[in-house]
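Observations on the three-dimensional arrangement
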Amino acid sequence: MAEKITVEGGKASNGDAHLDELALPNGVAGHKKSPPEPLAQRLKRIARANLLVILTVSAVIVGVLIGLAVRNAALTKTQQIYFGFPGELLIRLLKMIIIPLVVCSLVSGAASIDPKALGKLGGWAMLFFLVTTLISSAIGVIMALIIRPGSVEGGGGLKMDSGESNIPESKEVVDSFLDLIRNIFPSNLVSAAFQSVPFGTDVDGMNILGLIVFAMAFGVALRKLGDEGEILIKFFGAFNEATMVLVSWIMWYAPIGIMFLVASKIVEMDDVGNLFASLGKYIACCVAGHLVHGLLILPLIYFIFTRKNPYTFLTGLLTALATAFGTSSSSATLPLMMKCVEENNGVSKHISRFILPIGATVNMDGAACFQCVAAVFIAQLNEIPLNFVQIITILVTATASSVGAAGIPAGGVLTLAIILEAVGLPTNDLSLILAVDWIVDRTCTVINVEGDAFGAGLLQYFVDRTSRGGEVAELNEVRTEDDDAPVKPEHSPLIEKRDTELQEIAPGARSCEKESVM
């Protein structure tokens with residue numbers, strides 16, 4: 001029986017008790033509330049826990065300041081290349097890791113999920129991406145009609161000569177969807193790593209969509225093989241974990257690379273003042289639409305379904321969002337986004353590594369908003385009124401064309417020509433869009449990856465809820481490591497066979513080997 005401790009005159013009756021111990025009714029010693037943590041120590045603890053976030057956000061700010069300062073030095077083209085080399089190195093490191101990350105994560109993820117559950121998860125993900133992209137397109141049209149960025153006095157001053165060679169080749173809407181199907185089924189998996197089909201023929205550019213479809217189908221096929229496929233499933237799982245270790249190393253170089261990426265872009269600009277003066281309303285319209293969608297619409301959707309604070313979820317993504325702003329590439333941000341949602345927001349590996357690669361390809365909320373603003377801007381610039389049917393056409397075409405758009409810098413401009421052709425607007429004014437694309441494309445990428453992360457968070461909530469309530473039995477096969485409810489382990493013929501042999505040799509013996517959670 002525990003010895004009862006009483007406090008008399010500030011001293012405990014037994015010599016072993018501390019001054020802050022009190023007698024509880026059950027005879028167990030309790031403790032008073034510990035003194036508050038000193039402010040300096042608390043700030044130090046917070047700074048240490050969020051060091052990478054602080055460094056990444058600071059790198060963007062410092063990069064802007066360095067770029068504005070170095071602009072006055074009048075660097076030559078060769079010096080500009082040298083100056084931007086640390087940023088180029090970051091892009092190369094992130095692109096290096098994309099293919100093994102996407103292929104291995106999707107193979108292991110698809111192999112660890114029951115095919116019926118895989119269909120449900122994929123269906124919910126596509127529905128979320130489609131709805132949010134359509135909402136983003138509507139926001140872009142509404143913002144452009146309210147702000148009217150193309151209604152500028154002396155509109156002829158906006159005609160900037162940036163050369164016809166930079167304007168993407170226009171094509172029919174039907175051709176764009178045929179190219180989308182061609183990308184889904186690549187003729188050569190090796191060439192898909194560095195070639196895609198934007199204009200009917202293979203050109204340089206990673207075909208992420210084709211790799212995603214193959215990896216998912218291959219994972220499902222491995223699951224169907226049973227014991228023969230277990231070895232390969234474990235191989236891809238281990239490969240995936242090793243890839244994430246490489247990602248964690250790259251993350252610590254990211255602040256340096258982002259700083260030089262932002263600074264070099266500012267140095268490369270010819271005339272910052274004139275650019276913002278002539279196209280300031282267009283830039284403001286795009287950024288305002290992205291802010292509305294990213295800070296209001298997406299958090300509101302997340303809150304409605306989960307009843308959780310969406311801005312707490314958003315805080316855990318700061319490192320990935322800052323990287324998206326610096327690199328201007330959804331695909332390059334994918335490794336860091338996986339790390340953030342898993343470690344900061346509690347999304348299981350199987351959900352994040354299955355959904356995020358798909359979202360990086362098919363979810364283009366920011367690009368859809370920008371494309372709608374750009375289409376209305378060009379119409380206003382040429383004094384072409386848009387009727388209701390044309391506006392609906394812009395919305396539908398922007399939503400559809402954003403699916404499978406290249407997750408690379410300036411990828412949205414390539415699909416903008418499709419929208420202009422669909423409503424009969426001139427494509428010559430795309431030179432204006434290209435002039436400020438490096439600014440708008442960064443906010444586009446931030447919104448794109450934010451939408452991917454919220455989609456992963458919603459799917460995690462959906463899986464947790466259905467697993468606890470038993471509403472969808474198939475989703476219990478999604479083997480997450482963080483689920484509160486116990487999940488029935490996946491059937492493994494390899495382990496079952498080994499256990500049977502052990503029982504025959506030594507009754508009562510059990511294999512100590514467990515099936516890989518991957």
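Residues numbered from 1 in each chain as written. Predicted model: local features only at pLDDT ≥ 70, side-chain atom pairs only at ≥ 80, totals over all residues. Heavy atoms only, no water.

In the nomenclature of an unreviewed UniProt entry, the protein is known as Amino acid transporter of Chanos chanos. As its UniProt record puts it under Sequence similarities (unreviewed entry), the protein is described as follows: "Belongs to the dicarboxylate/amino acid:cation symporter (DAACS) (TC 2.A.23) family." (UniProt positions renumbered as here; feature names shortened; annotations may be inferred.)

1. Remarks on the environment of Gly 280
Position of Gly 280 among the secondary structure elements: in helix α10 (residues 272-306). Assessed through its relative accessible area of 22%, Gly 280 is described here as partly exposed. Sequence separation between Gly 280 and Pro 149 is 131 residues; the distance between their C-alpha atoms is 8.2 Å. (Helix = DSSP H or I, 4+ residues; strand = E, 2+ residues; numbered from the N terminus. Buried < 20%, exposed > 50% of the residue type's maximum accessible area, 1.4 Å probe, protein only.)

2. So, the nonpolar core
The biggest cluster of nonpolar side chains holds 59 residues, and the ones touching the most others in it are Leu 317 and Met 337. Once you skip the residues sitting within four places of it in the chain, Leu 317 turns out to touch Met 337, Cys 340, Val 341, Asn 345 and Ala 453. Formed by 36 residues, the second largest nonpolar core is a distinct cluster that contains Phe 370, Leu 425, Leu 432 and Val 436. (Core = buried A, V, L, I, M, F, W, Y, C linked by side-chain atoms within 4.5 Å. Contact = heavy atoms within 4.5 Å.)

3. Concerning empty space enclosed by the protein
As enumerated under the stated definition, the model contains three cavities of 30 Å³ or more in all. Quantified by volume, the second largest cavity comes out at close to 50 Å³. Here the lining of the second largest cavity gets four residues from one element, more than from any other, and that element is helix α13 (residues 330-343). (1 Å grid on protein atoms, 1.4 Å probe; cavity = no way out; pocket = protein on both sides within 12 Å on 5 of 7 lines; lining within 4 Å. Points joined across faces, edges and corners; volume = space filled by probe spheres on them.)

4. Considering the packing of aromatic side chains
Tallying each qualifying case throughout the model produces 11 aromatic pairs. Their ring planes at 70° and their centres at 5.7 Å tell us that Phe 83 and Phe 260 sit as a pair that is edge-to-face. Here Phe 83, found in helix α3 (residues 77-83), pairs with Phe 260, found in helix α9 (residues 227-268); they are 177 residues apart in sequence, far enough to count as distant. Residue classification places Phe 83 among the buried residues on the basis of a relative accessible area of 16%. (Phe/Tyr/Trp six-rings, centres within 6.5 Å; stacked < 30°, edge-to-face > 60°.)

5. Description of unusual backbone geometry
Outside of glycine, negative phi angles account for most residues, and trans bonds account for most peptide bonds. Here Arg 148, not a glycine, exhibits a phi torsion of approximately 55°, which is positive. Within the element layout of this structure, Arg 148 appears in the loop between α5 (115-147) and α6 (173-184). Positive phi outside glycine occurs at Glu 383, with the angle close to 55°. Mapping Glu 383 onto the fold places it in the loop between α15 (365-381) and α16 (388-402).

6. Side note on the side chain of Asn 363
On the secondary structure map, Asn 363 appears in the loop between α14 (349-362) and α15. A polar atom in the side chain of Asn 363 sits 2.7 Å from the side chain of Asp 452. Not counting residues up to four positions away in its chain, the partners in contact with Asn 363 are Phe 129, Thr 132, Thr 133, Ile 358, Asn 448, Gly 451 and Asp 452. (Polar contact = N/O pair within 3.5 Å; in protein donor to acceptor, adjacent residues only side chain to side chain.)

7. Some thoughts on a nonpolar patch on the surface
Taken together, Val 57, Ile 61, Leu 65 and Leu 318 make up a surface patch of nonpolar side chains, about 340 Å² in accessible area. A total of three residues in the nonpolar patch trace back to one element, the largest contributor, which is helix α2 (residues 51-70). Mapped onto the secondary structure, Val 57 falls in helix α2. (Patch = residues over 30% accessible without salt bridge, like charges linked within 9 Å, V, L, I, M, F, W, Y side chains within 5 Å. Areas by Shrake-Rupley, 256 points an atom, 1.4 Å probe, with all protein chains shown as cover. Salt bridge = Lys/Arg side-chain N within 4 Å of Asp/Glu carboxyl O.)

8. A look at the environment of Ala 322
For Ala 322, the location among the structural elements is in helix α12 (residues 318-327). Residue class for Ala 322 comes out buried when judged on its relative accessible area of 9%. Remark: the alpha-carbon pair of Ala 322 and Val 57, spanning 265 residues in sequence, is separated by 6.0 Å. The residues touching Ala 322, leaving out its near neighbours within four places in the chain, are Thr 56, Val 57, Val 60 and Ile 258.

9. Considerations on the pattern of salt bridges
Using the criterion set out here, one finds four salt bridges in the structure. Salt-bridge contacts for Lys 349 lead to Glu 241; the nearest nitrogen and oxygen are separated by 3.3 Å. With Lys 349 in helix α14 and Glu 241 in helix α9, this residue pair connects regions lying 108 residues apart in the sequence. The class of Lys 349 is partly exposed, set by a relative accessible area of 26%. Judged by relative accessible area, which is 25%, Glu 241 ranks as partly exposed. Measuring nitrogen to oxygen at the nearest pair gives 3.0 Å for the salt bridge that ties Glu 241 to Arg 353. Note that Glu 241 is positioned in helix α9 and Arg 353 in helix α14, a separation of 112 residues in sequence.

10. Details of the packing of helix α4 (residues 85-111) against α13
In the contact formed by α4 and α13, the axes pass within 8 Å of each other and the chain directions differ by 65°. As for how α4 packs across α13, the hand of that crossing is left-handed. Contacts from Leu 94, Ile 97, Ile 98, Leu 101, Val 102 and Ser 105 in α4 reach Ser 331, Ala 332, Leu 334, Pro 335 and Met 338 in α13. Looking at the contact of α4 with α13 residue by residue, the classes come out as nine nonpolar, two polar and no charged. (Axes fitted to C-alpha atoms, helices over the stretch in contact; angles between N-to-C directions. Left-handed = near helix turned anticlockwise from the far one by under 90°. Nonpolar A, V, L, I, M, F, W, Y, C, P; charged D, E, K, R; others polar.)

11. Some remarks on the environment of Ser 151
In this structure, Ser 151 sits in the loop between α5 and α6. A C-alpha to C-alpha distance of 9.3 Å links Ser 151 and Lys 281, two positions 130 residues apart in sequence. The residues contacting Ser 151, other than those within four sequence positions of it, are Lys 281 and Gln 380.

12. Re the state of the cysteines
Tallying each qualifying case throughout the model produces zero disulfides. Sulfur of Cys 286: no disulfide; nearest cysteine sulfur belongs to Cys 285 and is 5.9 Å away. (Disulfide = S-S within 2.5 Å.)

13. Comments concerning the packing of α4 against helix α8 (residues 208-225)
Relative to each other, α4 and α8 sit at 35°, their axes nearing to 7 Å. Our pair here, α4 against α8, has a crossing hand that is right-handed. Counting all contacts with α4, which are made through Ile 98, Ile 99, Val 102, Val 103, Leu 106, Val 107, Ala 110 and Ala 111, the residues of α8 involved are Ile 208, Leu 211, Ile 212, Ala 215, Met 216, Phe 218, Gly 219, Val 220, Leu 222 and Arg 223.

14. Re the confidence of the model for the protein
Per-residue confidence for the protein averages 75 on the pLDDT scale, and 72% of its residues sit at or above 70. In this model residues 1-29 is a low-confidence stretch, pLDDT under 50, and it forms 37 contacts with partners more than four residues away in sequence or in other chains. For the stretch residues 160-168, pLDDT sits under 50, and the model shows 16 contacts to residues farther than four places along the chain or on other chains. (pLDDT = per-residue confidence, 0-100.)

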